[in-house]
Amino acid sequence: MLIGDSILLTVIVGIAALALAVYTVAWIKMAIIHRPISLLAIRFIDNPIRRLVQPPKDVVNWINIKRGMNVLEIGPGPGTFTIEAAKSVGEQGQFAVVDIQPAIISRLDDRLRRAEVSNVITRTADAAELPFPDNAFDRVFLIAVLGEIENKERALSEIRRVLRDDGILAIGEFLQDPDYTSFGRSIKLAGAAGLQLTASYKRIIHYLLLFRKDQNIRHSNAPTFVDSLGLAAEEQKNRELEPALRS
Ligand SMILES: C[S@@+](CC[C@H](N)C(=O)[O-])C[C@H]1O[C@@H](n2cnc3c(N)ncnc32)[C@H](O)[C@@H]1O
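The notes below deal with the structure included here.

Moving on, we get to the site of the ligand. Lining the immediate environment of the ligand, one finds 23 residues, of which P36, G75, G77, T80 and A127 sit closest. Split by residue class, the shell around the ligand holds 14 nonpolar, 4 polar and 5 charged.

This part covers the nonpolar core. Grouped together as the largest cluster of nonpolar side chains are 47 residues, with contacts concentrated most on V71, A85, V140, L169 and A170. Apart from residues no more than four positions distant in its own chain, V71 is found in contact with I65, A85, V89, G93, F95, F137, D138 and R139.

Quick look at the pairing of strand β5 (residues 163-174) now. Examined bridge by bridge, strand β4 (residues 137-143) and β5 share 6 bridges and lie parallel to one another. In the strand pairing of β5, F141 is matched with A170. By the bridge criterion, 6 bridges tie β5 to strand β7 (residues 206-213) in an arrangement that is antiparallel. Of the residues in β7, the one forming a bridge with L169 is F211.

Turning next to the sheet that holds strand β1 (residues 70-74). Pairing between the strands of a sheet is mediated by backbone hydrogen bonds and can be parallel or antiparallel. Here we have 7 strands laid out as an open sheet, ordered β3-β2-β1-β4-β5-β7-β6, and mixed in their pairing. Looking at the sheet topology across the chains shown, the edges are occupied by β3 (120-124) and β6 (195-202). Direction aside, neighbouring strands of the sheet carry axes that sit 20° apart on average. In the sheet, β6 pairs with β7 via 7 bridges, with the strands oriented antiparallel. Note on β7: the bridge partner recorded for Q196 is R212. Contacting β2 (94-99) and β3, helix α6 (residues 102-114) runs over the sheet at an angle of about 160° to β3.

Rules used in this analysis
Residues numbered from 1 in each chain as written. Predicted model: local features only at pLDDT ≥ 70, side-chain atom pairs only at ≥ 80, totals over all residues. Near = placed C-beta within 6 Å. Nonpolar A, V, L, I, M, F, W, Y, C, P; charged D, E, K, R; others polar. Core = buried A, V, L, I, M, F, W, Y, C linked by C-beta atoms within 7 Å. Buried ≥ 20, exposed ≤ 12 C-beta atoms within 10 Å, placed from the backbone. Contact = placed C-beta atoms within 7 Å. Pairing = 2+ DSSP bridges. Helix = DSSP H or I, 4+ residues; strand = E, 2+ residues; numbered from the N terminus. Axes fitted to C-alpha atoms, helices over the stretch in contact; angles between N-to-C directions.

Put into C-alpha cells, the structure is as follows:
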C-alpha cells in the first residue's frame, strides 16, 4: 500500500471514529437528560442515518394515511415524520400535532413555515389529556414517544377515546432511543387500553405496530380515576347498608 493511501485511510477512519464518538456522546447525554427529551438531544434525532434506516416515507405509507383524513401525531419532536404525513393528508384533511413541550411546538411551527406546510394544527398538550373530542381521528401515531410518556395507561386510553371506531393507532419505536419500549410491552399496554394489534412492521432497529379498537371492550377508555371513584362510592354504599342488613 502506498504511503498516500495509508494516510487517506487513517484520515477516513479517524473522521468516522470522531463522528461515532460525537453521536454516542449525544445519545448518552440524551439518556441522562431524558423525559421529556431535552431540546439539545432533539437536534440529533432527525439525521441522515436515521432517515436511511427508518425512512419517513415508508413509515407514513405503513400507517396508510390518505388524502382527506383527520390525523393526529403525538410527540413530533423535530418533525421527522410530520411534513411527510401532513403532505399525505393534503388540504382536504386535517393534521393535528401535540407535544408536551411548548419549545418543541414553537420550533416545529418554524420548520413548518419554512417548508410552506400550512395544514398542520399544533398544540402544547400531554398525551394523557388530549384536547380533542371523542372519535375525531382516522389515524393517531406516535413514534419513539411511548417510553417517554409518564402515564402510558392514561395516554393510551385517551388515544382510544379520540380514535374513530374504524381508525388506526400506529406505535413506532426506534432501538437507539434510550426510552425504547419493546414490541411486547407496546402490545401489552395497548391491549390493556382496548386496542388490538392488526399489523406489524419489524425492521432490524425499529418497528411499527398498527392497532384497531377492540369493539368488544366498550368502557376501556373511561379514565381510571372515574372507575375507582365509582367503585369507592359503591363500596361506601355497601358499608352503610351492611349494619341495616345484619339487623
Ligand atoms: C424522542 S422524541 C420523538 C420525536 C419524533 N416522534 C421522532 O421520532 O423523531 C419524543 C417526543 O415526545 C414528546 N413527549 C414526551 N412525553 C409526552 C407526553 N406525555 N405528551 C406529548 N408529548 C410527549 C417529547 O417532548 C418529544 O418531542
